[in-house]
Amino acid sequence: MGDATMSMVASAPGKCILFGEHAVVYGQPAVAVAIEQRLTVAMTPAASWSVDGSPLSDKKHPHIVMLKDALMAENSPMSMHISGDIPNASGLGSSAALSAAVGAAMHHIATEHDSLDKDRLSALAHLAEAHAQNGRASPMDASTSVEGGVVILSNEREQRGDWLYTRRLETPEGERTWEVHSLSAAADDIYLVLGNTGVHAPTSHQVAMVAKALAAEPQRMQEIEAIGIVARRGIDALIRGDYEAVGHAMSENHLLLRNLGVSSPELEDLIQAAAPSSLGVKLTGAGGGGCMVALTRDPKTTGQAIELAGGRVLISRLGNPGVRIDE
Ligand code: MEV
């Protein structure tokens, strides 16, 4: 049993999908990177469970309640304070970062153990995401936030990257399996410039919309497969360190996502503004609003162009750490 007098601070990064969102829900390969922006949770023993001063509730904090029941059932209540610079509901994985950071802090308190069980933590965070997305969620956000760096998902074990674990989930369309890998990729002069439209589009809604379109016209699965082909090309380029080709694949991926119907006029405006100074540009995450990402060597010019077009800008490099205990 854990030490109920312990206080704990843990943090986890947001994520940006370079290739394969939506198609990954159907088993196609996808790549995400941990971004510099993080979410931090501070937990202190208290008389009752609370989050930022409000009582912990299943309705408001489903991810946290699930983790508490799994990890801290026998422990004393905690008051939690959440801070950070990942915008909510914008396609940057804020809810998975919340699950990763809260899960890490709870695990640490409950076990009084130094090392984090990343496999278990990312599995729990994935279940919490799936719960929030009506049973349709890949482990992409959860694994990237827990592992950090660059994460590849695929329906098969890839030669490229280090295989980490297999994830399974019963979805409304049947059982899905993902093989999760980590990849080391970092480049000094390459930046991700994220442009936030400020429009909130729930992931569950976007994912359900794609499922409905595929059910109505099953031949559109070809579009999902085409995203997988582009993602594989992108992975090869990333491994070679050929960022021109990475950018090219990102822009191609965007055109396929746009055809799938998950872009929005606000995203298109920011993408058009960023394109001239970027190696590649696309929406990132579930789309419909949220964020776009530009891969660039000139973050200042790209950032200014996005701001002029009305977007809020965040800048990150590649190769950021995953979940960690900070204090
Ligand atoms: C959301 O960040 C990415 C999606 O592919 C959904 C998922 O993978 O669960 C749209």
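Residues numbered from 1 in each chain as written. Predicted model: local features only at pLDDT ≥ 70, side-chain atom pairs only at ≥ 80, totals over all residues. Heavy atoms only, no water.

**Things to note about the packing of aromatic side chains**
Taken as a whole and assessed by the stated rule, the structure comprises zero aromatic pairs. Between R167 and the ring centre of Y165, over which it is positioned, the NZ or CZ distance is 3.9 Å. (Phe/Tyr/Trp six-rings, centres within 6.5 Å; stacked < 30°, edge-to-face > 60°. Lys NZ or Arg CZ within 6 Å of the ring centre and 35° of its normal.)

**Focus on the site of the ligand**
For the ligand, the full set of nearby residues is K15, I17, E21, H22, V24, V25, Q133, A137, S138, D141, V207 and A286. The separation between an oxygen atom of the ligand and a polar main-chain atom of H22 is 2.9 Å. Take D141: an N or O atom from its side chain is 3.2 Å from an oxygen atom of the ligand. The residue inventory of the shell around the ligand, partitioned by class, reads six nonpolar, three polar and three charged. (Near = heavy atom within 4 Å. Polar contact = N/O pair within 3.5 Å; in protein donor to acceptor, adjacent residues only side chain to side chain. Nonpolar A, V, L, I, M, F, W, Y, C, P; charged D, E, K, R; others polar.)

**Here's the deal with the domain arrangement of the chain**
The domain architecture assigned to the chain consists of domain 1 (8-185) and domain 2 (191-317). Computed from C-alpha atoms alone, the centre-to-centre distance between domain 1 and domain 2 is 22 Å. In this complex, domain 1 contributes 38 residues to the contact, which on the side of domain 2 involves 45 residues. When domain 1 packs against domain 2, the two sides together hide about 3,300 Å² of surface, and 66% of this comes from carbon and sulfur. Where domain 1 meets domain 2, there are four salt bridges. R232 is paired through a salt bridge with E158; the nearest N and O atoms lie 3.0 Å apart. (Domains from an automatic or database assignment. Contact = heavy atoms within 4.5 Å. Buried area = accessible area lost by both parts, 1.4 Å probe. Salt bridge = Lys/Arg side-chain N within 4 Å of Asp/Glu carboxyl O.)

**Quick word on helix α7 (residues 243-260)**
If you check α7, its first and last C-alpha atoms are 25 Å apart, about what 18 residues at 1.5 Å a residue would give, namely 26 Å. Y243, V246, G247, A249, M250, N253, H254, L257 and L260 are the residues of α7 that are buried. Projected down its long axis, α7 shows its buried positions confined to an angular sector of 160°, all on one face. Along α7, the residues that are exposed and aim more than 90 degrees away from the buried face are H248 and N259. Immediately downstream of α7, the backbone of G261 shows phi near 95°, a positive value. (Helix = DSSP H or I, 4+ residues; strand = E, 2+ residues; numbered from the N terminus. Expected span 1.5 Å × (residues − 1). Buried < 20%, exposed > 50% of the residue type's maximum accessible area, 1.4 Å probe, protein only. Arc of directions from axis to C-beta.)

**A few points about the pattern of salt bridges**
Counted under the stated rule, the structure contains 15 salt bridges. Here K68 and D69 are joined by a salt bridge, their closest N and O atoms 3.6 Å apart. What makes K68 buried here is its relative accessible area of 18%. According to the relative accessible area criterion, D69 is partly exposed, its value standing at 48%. Here R160 ties to D236 by a salt bridge, and the two come within 2.0 Å at their closest N and O atoms. With R160 in the loop between β6 (150-154) and β7 (162-171) and D236 in helix α6 (residues 221-240), this pair connects stretches of sequence that are 76 residues apart. One continuous salt-bridge network, built from bridges that share partners, spans E156, E158, R160, R232 and D236.

**Focus: the side chain of S11**
Summarising the element assignment, S11 is placed in strand β1 (residues 8-19). Owing to a relative accessible area of 2%, S11 belongs among the buried residues under this scheme.

**Quick word on the sheet that holds strand β12 (residues 312-316)**
Taking strand neighbours across the sheet as the criterion, the four strands line up as β10-β11-β9-β12 in an open arrangement whose pairing is antiparallel. In the strand order of this sheet, the two ends are held by β10 (280-284) and β12, each with one partner. Neighbour to neighbour, the strand axes of the sheet diverge by 25° on average, direction disregarded. Sheet topology places strand β9 (residues 191-196) next to strand β11 (residues 291-296); six bridges connect them, and they run antiparallel. Paired with L194 across the strands is V293, a residue of β11. Most of the contacts of α7 go to β10, to which it runs at about 45°, and overall it touches β10 and β11. Sheet strands in contact with helix α9 (residues 299-308) are β9, β11 and β12, and its direction is about 10° off that of β9. (Pairing = 2+ DSSP bridges. Axes fitted to C-alpha atoms, helices over the stretch in contact; angles between N-to-C directions.)

**Topic: the packing of helix α2 (residues 94-111) against helix α3 (residues 118-132)**
What describes two packed helices is the angle between their axes and the distance between those same axes. Two numbers describe how α2 lies on α3: the axes approach to 9 Å, and their chain directions differ by 135°. Of the possible angle classes, the one that applies to α2 and α3 is oblique. When the axes of α2 and α3 are compared, the crossing they make is right-handed. Facing α2, whose interface residues are S95, A96, S99, A100, G103 and A104, α3 presents L121, A125, A128 and E129. (Parallel < 35°, antiparallel > 145°, perpendicular 65-115°, else oblique. Left-handed = near helix turned anticlockwise from the far one by under 90°.)

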